[in-house]
Amino acid sequence: MLQLESIGKRYGEDVWGVQNIDLELEPGIHGLLGPNGAGKSTLMRIITTVSKPTTGTAYWNGTDIIDSPGTVRNVLGYLPQDFGVYPDLTAREFLQYIAALRGLDRKTASDRIDELLAVTGLQQDQDRKLRTFSGGMRQSVGIVQALLNDPELLVVDEPTVGLDPEKRVQVRNLLTSVASDRVVLLSTHIVPDIEATANKVALLRDGELLTHTTPESLIKETESKVFEYLAPREELDTIRRQYQVSSTVQQSDGVKVRVITDDQPTPSAEPVTPTLEDAYLDQIGQRGVTHNVTQ
Amino acid sequence: MLPNRATSIAYVGWADFLQRVRSRRLLVILVVIAYFGYQLNVGTFELLYQDTVAGETISYRGEPTSAYVGLSTGVTGATILLFFGYYILSGSIMRDRSTGVNELVASTSIRNVSYLLGKWLSHVGMVIVLLATLGGAALVNHLVHGAGMTNPLWILGAVFLVGLPLGCFVAGVTIFFQSSDKLNGTLGNVVYIFGALTLLIVILAAGSEQESGAIPLWLRLGDLLGLFAAGEMTFDALLAVAPEYSGPPVANYGTGSGEVVRYHWDGGSWPQWFYINRFGVILLGIGLVFAATVPYKRFAPGGESERRSLGDRLKRIIPSLFPGKTVQKTEIQTPAEISMTPVTDRASGGFGRLLIQELRLLVRGYPWWWYIGALIIGIVGLSGGTASGAIVSIAAIWPLFVWSGMGYRTVQHRITPLIVSSKQPLRQLIAEWMAGALMTAAFLGATLWPTIVETSFDGILVLAGVVLFVPSLAQALGLWSQTRRVFELIYLVLWYIGPLNGVPALDFAGSTSETAGTATPLVFAITGTVLFLGAVVHRYLQA
């Protein structure tokens, strides 16, 4: 289990990346959600011991990882958001390099590389130099390297960025399959990825933890607050200013809008079942964030 | 149309300039520049006329009047810019490539020449900052150490008149080199410094052979550093205190050992030809920017060139020699279909595999001619048929490509988070160092073996010294500076003075017969050890 106590990270004089974070992560997938600049990557760097906190500490199974970073590094799998590869190594050579860094023996490393390349569909490309890989393929290599040492703590920052929908589903399945008895911290802006995989969701805003709860209870808090109705196109801007608009669907006779509000916006508006995305927007309270769909 | 283009150029230049001046590295550069200015003004080194009378060298230097301080600071500023300006200024185009800004720029309507002129302007802006620092230091130093009244106009005017055009020229060279796939890396760095050295030596040699006042106009127009102008302006003042002077009419840098005679020079008019010269040098710089549009590629993904390695080329040319695996349709298995091997032991070493991969990283990705050159060095060195000094010097410079990525590569390819979050972050550092040491041992061992056979233990000590020193210097400077240019510049200067010119005290590679058996190898071995410890400290702080 990973415990964070009063974690804070200050940049410069008075700019806090994260502040007063208390969090307990038990085995399972924990989704980390928050707008840009909320402190997600900062928190992940602290958990992975890449960065030291200004205040507070963190424990892995009771051991202080700030004092003894080796404790968590031994069992850690990490995919940073902005990770790189050595372009002149082949995919297999790069993974062997990471396996050696993680302290795996030759046989285990080789077996794990074969298996993970198989589930990410990179077997045929394993002997190609990484400079020839597309962005999505490099991302897949990143995911494989994070899983090489069969980590007990897996921290992945935006793992599905740059992947096509099919690959995204594969990554979700992979994360779900490895998360049975280990801690997975998944940061992403793609709320459906969290919805499909996470047992719990931690919401960050302005460097502070808003909540850490199950997706169901988060959605429950938004129940009876989500409405859909057909509005004239010319009113869309007004609606956006007035309500938290979750999505819009262009139709021939107007725009079907989905809004989050305590009161029914118009008599024709019908209450609908909220999604995790609705719940997230309700908690974060951003205006004008929408997904447009044309029908 | 033209005002729009001018605005585009200005914005490209301004954005690049802001990015540069907000870097903390600039502060370090300015401190070093100011220190140079201080050393010049307190006379640690100075522009000197030198003559030999009855076997004794006599140095002539000017009294530190405003005019003299301005003139000598200007020439020094130009010299600094000629030798170090390239390394300080370069990086702007590569930065756009590594950050992906070039993709945005490539999708806009800005013309290549406008973009490159904008970058050139930013470089010139940096030159102005550097010269202003040097000029400011000269002003302060004249106030403290100078003779007569401090005249800011003379001091700053001379600094900018001599230094700025040369800076414009170096900025143009930088743009040209950065725009070329062949010259934007280590090769360009090497070509530049030797080009600058050659230029200076040729100008000085040509000027020193002439009688005072008889330097032909074409030669004066090639006076990049203002040395001939300085000579023309101060020579009469020199003759006033030393009418018997028979040395060269051009001053050179020196420390003024031996007898020093001071002459008094209060300034005067700059020669007319010098204004034409400065204007021409600026035009040359701008011309190089226009020339750079030929090799410049508007978009190069990830800052990586499209160069192919020798192996890749062979694979393309004769695919039958490299059959590879038959391409099949990729079948993706689900995690449920595969029984994943559990990992129970995460402390099973792996250092050997790490070392192998680090060796691969060191030897891959160079142009084909580099491998051919390495092979020739090996064959010639092992045959022992050539004068040892020459081949040792070459062997000490050829692996510059190998060493210069050390320490910096993890930053360049954003691998650092993966390393510092591993259980033993120091292992990568040690593996990289050992890979570098093995490469050094291979190159220098192949060429130093006659010395080892001849001198036994002393020869082994020479080899040990270079093996300890060079990879440690590369790794420590790469880690601390987070660029490869600092190592390349320092190493090139060191190599030029030591192994190439055979100055025994700096001959870390043992290219002269005088090195073996002295304390020099030991000094470099100890320095290397200290540098390696510095790298370890850096990694420890990172982790």
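Residues numbered from 1 in each chain as written. Chains lettered and ligands numbered in written order. Predicted model: local features only at pLDDT ≥ 70, side-chain atom pairs only at ≥ 80, totals over all residues. Heavy atoms only, no water.

**Student:** Can you walk me through the overall build of chain B in this structure?
**Tutor:** When you go through chain B residue by residue, the secondary structure sums to 22 helices and four strands. Relative to its length of 543 residues, chain B is compact, with a C-alpha radius of gyration of 27 Å against a globular reference of 24 Å. Once the C-alpha set of chain B is aligned to its principal axes, its extents read approximately 95 × 70 × 45 Å. A total of 543 residues make up chain B; the buried ones form 50% of that total. Residue pairs at least 24 apart in sequence account for 80% of intrachain contacts in chain B once pairs closer than 6 positions are excluded. Accessible surface, chain B as shown: approximately 24200 Å² in total, 66% of it carbon and sulfur. (Helix = DSSP H or I, 4+ residues; strand = E, 2+ residues; numbered from the N terminus. Rg over C-alpha atoms; globule rule 2.2 N^0.38 Å. Buried < 20%, exposed > 50% of the residue type's maximum accessible area, 1.4 Å probe, protein only. Contact = heavy atoms within 4.5 Å. Areas by Shrake-Rupley, 256 points an atom, 1.4 Å probe, with all protein chains shown as cover.)

**Student:** Explain the interface of chain A and chain B to me, please; I cannot follow it from the model alone.
**Tutor:** Opposite the 58 residues of chain A that make contact, chain B presents 50 residues. In total, about 4700 Å² of surface goes out of reach between chain A and chain B, with carbon and sulfur atoms giving 54% of it. Across the contact surface, chain A and chain B share four salt bridges. Here Arg364(B) ties to Glu93(A) by a salt bridge, and the two come within 2.5 Å at their closest N and O atoms. Along the contact surface separating chain A from chain B lie 18 residue pairs in polar contact (both at pLDDT 80 or more). (Buried area = accessible area lost by both parts, 1.4 Å probe. Salt bridge = Lys/Arg side-chain N within 4 Å of Asp/Glu carboxyl O. Polar contact = N/O pair within 3.5 Å; in protein donor to acceptor, adjacent residues only side chain to side chain.)

**Student:** Before we go on, may I ask you to explain empty space enclosed by the protein in this structure?
**Tutor:** Vacant regions in the atomic arrangement are exposed by a probe of water-molecule size rolled over the atoms. Enumeration according to the criterion identifies six cavities of 30 Å³ or more in this entry. Classifying every residue of the lining of the largest cavity by side-chain character gives five nonpolar, two polar and two charged. (1 Å grid on protein atoms, 1.4 Å probe; cavity = no way out; pocket = protein on both sides within 12 Å on 5 of 7 lines; lining within 4 Å. Points joined across faces, edges and corners; volume = space filled by probe spheres on them. Nonpolar A, V, L, I, M, F, W, Y, C, P; charged D, E, K, R; others polar.)

**Student:** Help me understand the sheet that holds strand β6 (residues 76–79) of chain A in this model?
**Tutor:** The strands that make up a sheet are held in pairs by hydrogen bonds between backbone atoms, and each pair lies either parallel or antiparallel. Residue and element names in this part refer to chain A. Read across the sheet, six strands follow the order β6-β7-β8-β3-β9-β10 without closing on themselves; strand pairing throughout is mixed. Both edges of this open sheet fall to β6 and β10 (208–213), since each of them pairs with a single strand only. Shown here is a sheet whose adjacent strand axes are inclined to one another by a mean of 15°, direction ignored. Of the strands in this sheet, β3 (28–33), β6, β7 (153–157), β8 (183–187) and β9 (200–205) touch helix α1 (residues 40–47), which is tilted by about 150° from β7. Its contacts with the sheet place helix α10 (residues 276–284) against β3, β9 and β10, and it is angled at close to 30° to β9. (Pairing = 2+ DSSP bridges. Axes fitted to C-alpha atoms, helices over the stretch in contact; angles between N-to-C directions.)

**Student:** Just to check I follow, could you spell out the packing of aromatic side chains for this structure?
**Tutor:** Ring pairs (aromatic) are described by centroid distance and by the angle formed between their planes. If you walk through the whole model with that rule in mind, you get 36 aromatic pairs over all chains. An aromatic cluster is present here, built from Tyr366(B), Trp369(B), Trp370(B), Tyr371(B), Trp398(B), Phe401(B) and Phe443(B) joined pairwise through their rings. (Phe/Tyr/Trp six-rings, centres within 6.5 Å; stacked < 30°, edge-to-face > 60°.)

**Student:** What's the story with the pattern of salt bridges in this structure? I'm lost.
**Tutor:** Two side chains of opposite charge can pair, provided their charged atoms sit close to one another. The final tally for this structure, using the stated rule, is 25 salt bridges over all chains. The shortest N-O distance in the salt bridge between Lys225(A) and Asp262(A) comes to 3.8 Å. Remark: Asp262(A) occurs in the loop between β13 (254–260) and β14 (270–271) and Lys225(A) occurs in the loop between α8 (215–222) and β11 (226–231); sequence separation between them is 37 residues. Note on Lys225(A): relative accessible area 17%, which makes it buried. Put simply, Asp16(B), Arg20(B), Arg95(B), Asp96(B) and Lys119(B) are held in one network by salt bridges that share partners.

**Student:** Is there a simple way to explain the layout of surface pockets in this structure?
**Tutor:** All names here are of chain B. Considered as a void within the structure, the second largest pocket measures approximately 520 Å³ in volume. Forming the boundary of the second largest pocket are 17 residues, of which Thr-79, Phe-83, Phe-84, Leu-197 and Val-493 lie nearest the centre. Counting residues per element, the ones that place at least two in the lining of the second largest pocket are α3 (66–89), α8 (186–208) and α21 (485–500). A class-by-class count of the residues in the lining of the second largest pocket yields 15 nonpolar, two polar and no charged.

**Student:** Any chance you could explain a nonpolar patch on the surface here in plain terms?
**Tutor:** All names here are of chain B. A surface patch of nonpolar side chains, amounting to about 500 Å² of accessible area, comprises Trp-480, Val-537, Tyr-540 and Leu-541. Among the elements that line the nonpolar patch, the one with the most residues is helix α22 (residues 520–542), at three residues. Of note, Tyr-540 is situated in helix α22. (Patch = residues over 30% accessible without salt bridge, like charges linked within 9 Å, V, L, I, M, F, W, Y side chains within 5 Å.)

**Student:** Mind showing me how you'd approach the packing of α8(B) against α21(B) here?
**Tutor:** When two helices pack together, their arrangement is given by the angle between the helix axes and by the axis-to-axis distance. All names here are of chain B. At a minimum axis separation of 10 Å, α8 and α21 run at an interaxial angle of 45°. Our classification of the angle between α8 and α21 gives oblique. In the crossing of α8 with α21, the sense of the turn from one axis to the other is right-handed. Here Thr-186, Asn-189, Val-190, Ile-193, Phe-194, Leu-197 and Ile-201 of α8 come into contact with α21, specifically with Arg-485, Glu-488, Leu-489, Leu-492, Val-493, Trp-495 and Tyr-496. (Parallel < 35°, antiparallel > 145°, perpendicular 65-115°, else oblique. Left-handed = near helix turned anticlockwise from the far one by under 90°.)

**Student:** Would you take a moment to explain the domain arrangement of chain A for this structure?
**Tutor:** The figure often quoted for interface size is the accessible area lost as the parts come together. All names here are of chain A. When the domains of chain A are assigned, the result is domain 1 (2–219) and domain 2 (223–294). Put simply, the middle of domain 1 and the middle of domain 2, counted by C-alpha atoms, are 33 Å apart. Three residues stand out in domain 1 for area buried against domain 2, namely Val-191, Leu-218 and Ile-219, and they jointly supply 44% of the buried area on that side. The interface formed by domain 1 and domain 2 holds zero salt bridges in total. The interface formed by domain 1 and domain 2 holds three residue pairs in polar contact (both at pLDDT 80 or more) in total. Those elements that place two or more of their residues in the side of domain 1 that touches domain 2 are α7 (191–197), β9, β10 and α8. Along the lines of polarity and charge, the residues of the side of domain 1 that touches domain 2 split into twelve nonpolar, two polar and two charged. (Domains from an automatic or database assignment.)

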